[in-house]
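Residue-level structural notes
Each chain is listed here by its residues.
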Amino acid sequence: MTPRERAWTIPRLCTEDARPMAREDFFPHAEIEPRWQRRWQEEGLARTGRRTGRPKFYLLEMFPYPSGHMHMGHVRNYSIGDALARFKRMRGFDVLYPMGFDAFGLPAENAAIKAARERGETLNPRDFTEQSIASITADLRRMGFSHDWEREVATCRPFYYRWNQLFFLQMLECGLAERRSAAVNWCPECKTVLANEQVESGKCWRHTETDVEVRQLDQWFLKITAYAEELLSSLDTLGGWPEHVKTMQRNWIGKSQGTVVYFPLADRRPGEPESVEIFTTRADTLYGVTFMSLAPEHPLVEILTRGTDREAEVRAFVSRTVTQDRFARTAENREKEGVSLGREAINPLTGERVPIFAANFVLMEYGTGAIMAVPAHDQRDFEFAEKYGVALKVVIQPEGGTLDPRRMTGAFVEPGVQVNSGPFDGLPSTEGLTRISEFVEAQGFGRRTVQYKLRDWLISRQRYWGTPIPVIHCPSCGPVGVPTEQLPVRLPDDVDFGHDGNPLASSPSFTAPVPCPKCGAPGRRETDTMDTFIDSSWYFLRYLDAANGDVPFRRDAEAKWMPVDQYIGGVEHAILHLLYARFFTKALCDLGHATHREPFARLFTQGMVCKEHTFADGTTRSVKMSKSLGNTVDPRLFVGDRHIGGTDEGRTGADALRLFMLSDSPPENQLDWSDESMEGASRFLNRVWRFFLTQTGEGRLGSETGAPKGEGGDFRREIHAAIRGITEDYERFAFNTAIAKARQLFRALETFAAAPDADAALLRQGAETFLLLLSPIMPHVCDELWSRLGHAESIFTRDWPAHDDGALAVSEVEIAVQILGKVRGRVTVPAGSDQATVETAAMAEPNVARHLEGKTVRKAVFVKDKMINFVAS
RNA sequence: GCCGGAAUGGCGGAACUGGCAGACGCAACGGACUCAAAAUCCGUCGGUCCUCGCGGACCGUGAGGGUUCAAGUCCCUCUUCCGGCACCA
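I will try to describe carefully the structure that is included in this document.

Brief notes about the overall build of chain A
Per the secondary structure count, chain A includes 27 helices and 32 strands. Sorting the 873 residues of chain A into buried and exposed places 52% on the buried side. Entry remark: accessible area of chain A is about 37700 Å², with carbon and sulfur atoms responsible for 49%. Taken together, the 106 basic and 119 acidic charged side chains of chain A have centroids lying 1 Å from each other.

Structural notes on the environment of Met-562
Within the secondary structure layout, Met-562 lies in the loop between helix H16 (555–561) and strand S24 (566–570). A C-alpha to C-alpha distance of 33 Å links Met-562 and Thr-769, two positions 207 residues apart in sequence. Sequence-distant contacts of Met-562, defined by excluding residues within four places in its chain, comprise Lys-56, Tyr-58, Phe-540, Leu-541, Leu-544, Ala-557, His-596 and Pro-599.

Thoughts on the pairing of strand S10 (residues 291–294)
The side-chain alternation of S10 yields two buried faces, one formed by Phe-291 and Ser-293 and the other by Met-292 and Leu-294. With four bridges joining them, S10 and strand S13 (residues 370–373) adopt antiparallel strand pairing. Considered in S13, the bridge of Phe-291 is made with Ala-373. Taken together, the three bridges between S10 and strand S12 (residues 353–359) define a ladder with parallel strand orientation. Looking at the pairing, Met-292 lines up with Ile-356 of S12.

Side note on unusual backbone geometry
Peptide bonds are, in most cases, trans, and in most cases residues other than glycine have a negative phi. Look at the link from Leu-487 to Pro-488: it is a cis peptide, with omega at 0 degrees. Residue placement: Pro-488 occurs in the loop between strand S20 (478–481) and helix H14 (508–511). With omega at -5 degrees, the peptide bond leading from Met-562 into Pro-563 counts as cis. Examined against the element boundaries, Pro-563 turns out to sit in the loop between H16 and S24.

Section: helix H21 (residues 713–731)
Taking 1.5 Å per residue, 19 residues should reach 27 Å; H21 reaches 28 Å between its end C-alpha atoms and fits that length. When H21 is considered as a whole, its buried residues turn out to be Phe-715, Ile-719, His-720, Ala-722, Ile-723, Gly-725, Ile-726, Thr-727, Asp-729 and Tyr-730. Taken together, the buried residues of H21 touch helix H3 (72–90), helix H22 (735–754), helix H23 (760–774) and helix H25 (805–808).

Quick word on empty space enclosed by the protein
Counted according to the given criterion, the structure contains three cavities of 30 Å³ or more. Size it by volume and the largest cavity reaches roughly 190 Å³. In this structure, the largest cavity is lined by 17 residues; those nearest its centre are Gly-105, Leu-106, Arg-461, Asp-531 and Thr-532. Sorting the residues of the lining of the largest cavity by element identifies helix H4 (106–119), strand S4 (192–194) and strand S23 (529–530) as the ones contributing at least two each. Along the walls of the second largest cavity sit Leu-45, Arg-47, Thr-48, Arg-50, Arg-51, Arg-54, Arg-89, Phe-93, Asp-94 and Val-95, which together make up its complete lining. Across the lining of the second largest cavity, the residue classes tally to three nonpolar, one polar and six charged.

Conventions adopted
Residues numbered from 1 in each chain as written. Chains lettered and ligands numbered in written order. Predicted model: local features only at pLDDT ≥ 70, side-chain atom pairs only at ≥ 80, totals over all residues. Heavy atoms only, no water. Helix = DSSP H or I, 4+ residues; strand = E, 2+ residues; numbered from the N terminus. Buried < 20%, exposed > 50% of the residue type's maximum accessible area, 1.4 Å probe, protein only. Areas by Shrake-Rupley, 256 points an atom, 1.4 Å probe, with all protein chains shown as cover. Lys, Arg positive; Asp, Glu negative; His and termini not counted. Charge placed at Lys NZ, Arg CZ, Asp CG, Glu CD. Contact = heavy atoms within 4.5 Å. Pairing = 2+ DSSP bridges. Expected span 1.5 Å × (residues − 1). 1 Å grid on protein atoms, 1.4 Å probe; cavity = no way out; pocket = protein on both sides within 12 Å on 5 of 7 lines; lining within 4 Å. Points joined across faces, edges and corners; volume = space filled by probe spheres on them. Nonpolar A, V, L, I, M, F, W, Y, C, P; charged D, E, K, R; others polar.

Printed below as a string of C-alpha cells:
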C-alpha cells in the first residue's frame, strides 16, 4: 500500500487510536451518497416534463459502448453533462437528459469468438453486452448522474434495431440505399469491409497496425453524397459548434469547383468513345497540357490499347498496379509510374495532339478518373514528365519573372500572368481561370462542375453483431426488401462463433431458404449486417419516444424536443459519427419522419483522460488511459463496489471524483490524472463537510431565516460576486474556474464565520448560496448539508440564485498608478472618482511622486475605477 | 505539403471586448498540534538584485520585430508541439 492509499483509508482505520479522528470529520459517502440517489429517484428529479410550462433543454451525451464497466472517460464525460443538466434544471428549464447504450459492435462479437475458439464455450454477444449494460448502469447510478432512465435505449435490442431496418427499406425504396459492386476497404483483422471514414491513412480505425486491403465486392451503400452540398453549406448555420470540428467536416466533404473538359480522341477507331473526359480545377493551365493520364482502372485504358502493340505492356502495368493495394500505391512520396498507351488526344483549345498515359497516381474514384497533365504547373505531373521525358509548356509566368522550362526544378503552382494562352495572354491567372472556364463551356468543349471527396457510405459488414440488413436475395428478382410488416428481421441464436467467416452465415435458421416477397421463389436472406454507425445516427431521436412500439418516434415529440440543445462528446467523433448523424437526420426529414434538418445545435467536445506512461524507449508522457498500456485508473477505487454486490466502500465517493474531474483542467483540454489532485479534491470536500457540521453543531448556522441585519459589507459582496461569476462560468463550460470561485467563497465563509460578531442570518445566506452554487458538481454532499440546514425539500427543487447588482457595488476602489505604463503605486479612492480626484491622490503617493520628479506630465490616460497612466518625460 | 489549434511559475491552469500577469489547485518549503507520524490548521512560494527592515529596482507570458499611453491579449516573421487531411487533379 502506498502512503497515498493509506491516507485515504485512515478515516476508517484510526477509530481505535488514542486520539481518534472523529468519524464525522470525513464525509461518509458510502452511506450518504446512495441514500440521496434513492431519494432523487423516488422524487423523479431526472424525469422530463416534471414541471410543465418551462422551456425545453435537450442535453445529450454520446452514449457509451458497453464493454465491461464504466471507465474514467465516461466519468468525465458524464460529470460535465450532469453538472450542466442540474444547473439547467435549477435555471428553470425542462431538461431532457437521457442515457442509453451503443450496444452493437465488434468487441462483444470478438469476445464470443475468443470464447468459442479458446475454451470451446458458447458465449452469445447478447449476454456479454447485457451484462455490461447492467454493470455500467449500476456504475452510472452510483455516480449520481441524473439521467432519465425511463428513456433508455440499447441499440442491440430488436425493439430498437427494427427501426434501422425500416429506415433502410424506406431508403431502398427512394433510391437512397443501393447495392453495387465497388472497390471496397477490407480489414483483415475485423474480417469485414469498412467505410472510407473508417480508414485512416490506409489503416483500419480500430487496428492502427493493420493495412486495409482493397476488394471488389457487391455491397450496400447509402447515398450520403446526395447530401454533400447541404452537409457542407449548413455547417455555416451551426454557430454553437467548435470551428475546428466544422473545418474537419468541410475538409472531409472536400468540395472543389472545376471544369470537366472533353479531349477528342485522335485516330479514333470504331467502337471507341469520341473523347476523354477529364476534371480540372486549373482551367487556367489548359494551354499548358502536354499529356494526359488515366487511372489504371479506367475502362478506356483497355479499350484504347486493345489489339495494339502496346496492349501487353499496358496490361502488365495495370495488373501490377491494381493488385497493389490502394494505400501502398498512394502512400506518401510514392514513386510516380505510368505507361504510354500509344494513343493521343487533341487539346480542344489548341488543336495540339498530346499522348495518353496510364498512371498509378490517378484515382478512379475522384473526378472522372482521368486528368490533363500540365507538368509546368502541377508538381505530380512535373515529376511524371521528368521521368518519362515529356515536354513542359509554361503558360503562367510569375509576376515580374520568366520561367525557363529547361531550368525548372519543380512545377510553378502559384498564381501569375497567362502566357502562351492564345487570347488569354496577359491576364492574371486567377482571372484566366474564370475566363477560360467560361470559354470552354461556351464552345461546348466541356462544362463547369463541382466535385466532392465525400464518397457514399458503405454500410455492409460481414459480421454477426449488428442489425441484419432486411433483404432477401431471389434468383430471379435479385435483392428484394423484406416487407415492413415482417420486421424485425431478428438475429438468430444458432450461430457458430468457432469458425472463419461471417458467423451469421453459419446459422442454419437464418440461412434457410425464404420465399421471395415478390415472386415466392425460394430466396436466401442477406447475411451482411449494418455498420454500427447507423445505430448512433438517430438514437437521439429514439430517446424522445423510446417506449413506442408503433413508430420510431412520434412527430410531435420530434417537433417539440429537437434539435439537441447541447451535445457533449469526444472530438474523435468529429467526422464519423457527427457526419453520419447529420446525414441521417436530413434523410429522415426527407422520408417524412422529422422536421429539424440539423440534429445538434451546440456541440462541446471534451478532452481525453490521460495518465503518465513510461514507454519502452524510456520516455514518459501523459497519454490516453488505455487497457493496453495499463495506465488506467478504475473509478470503482473511489466509489467502491457495494452497488454491484461487493463490500468495498471506495475511498472518496462520487462527489470527490466528480469534483476532481471538473477542477483542474478546462473540460475541452486533456485531463491528466493525478493522485495528488484527486486527493486535493477529496480534501476540499471534507473541509466543507467539517465546516458545516461544526457550524450547525454550534448553532451558528441554525434555523435563522430572518433577513440579514445591515449591509453585510464585503461578505455580502463576495456572495453576489460568486453568484455572478459562477453562473457565467457554468454557461461557458468553465467548470474549473467556477470551482476556483467557489473555493474563494468558501474561504470567505470560513473567515466570516470565525468573526465573533458575524451576522448569523448573513452567514446562513452565504452558506446556502455556496451549497446551491456547487450542487451541480457535488450533488450528494450539497443536498445532505442542505437538509441539515433544516430544509425538507431537496436542494434541486430550488431555483438558481440570482445576483444583486446593488450588492456588487463597492464604496472604494484601488487604482493602479502607472508612469509610462509601469505600475509605480496604488491609491484607494471612492468608487466612481473622476480623473482630477485620482490624479491628485496619485501624485500624493510617495513612490509616484519620486518617479515624476523632474518630469513633465504631458498626458494622463484614465480608466475609471481601474488605473491611471501618466505619460511623462 | 495543406488546414486547424496551442505555447503563461516546478506542474495543471487563471486573466470577459488591450488596462495591476500568475486567480484556484497540486507539488515544495517553514511553522503549530503530536512521544512520534498521519490527518488537520497557519504561513511562504516567477527570477535577479538593493535594503537590518518597511519597501524598492530590473527582468519575465515560445523567439524576433512592430502598433499603442498601455500587449499574454492586436499585426508581421520564425520555432516547437498537438489534432485533422494528404498524389483529390
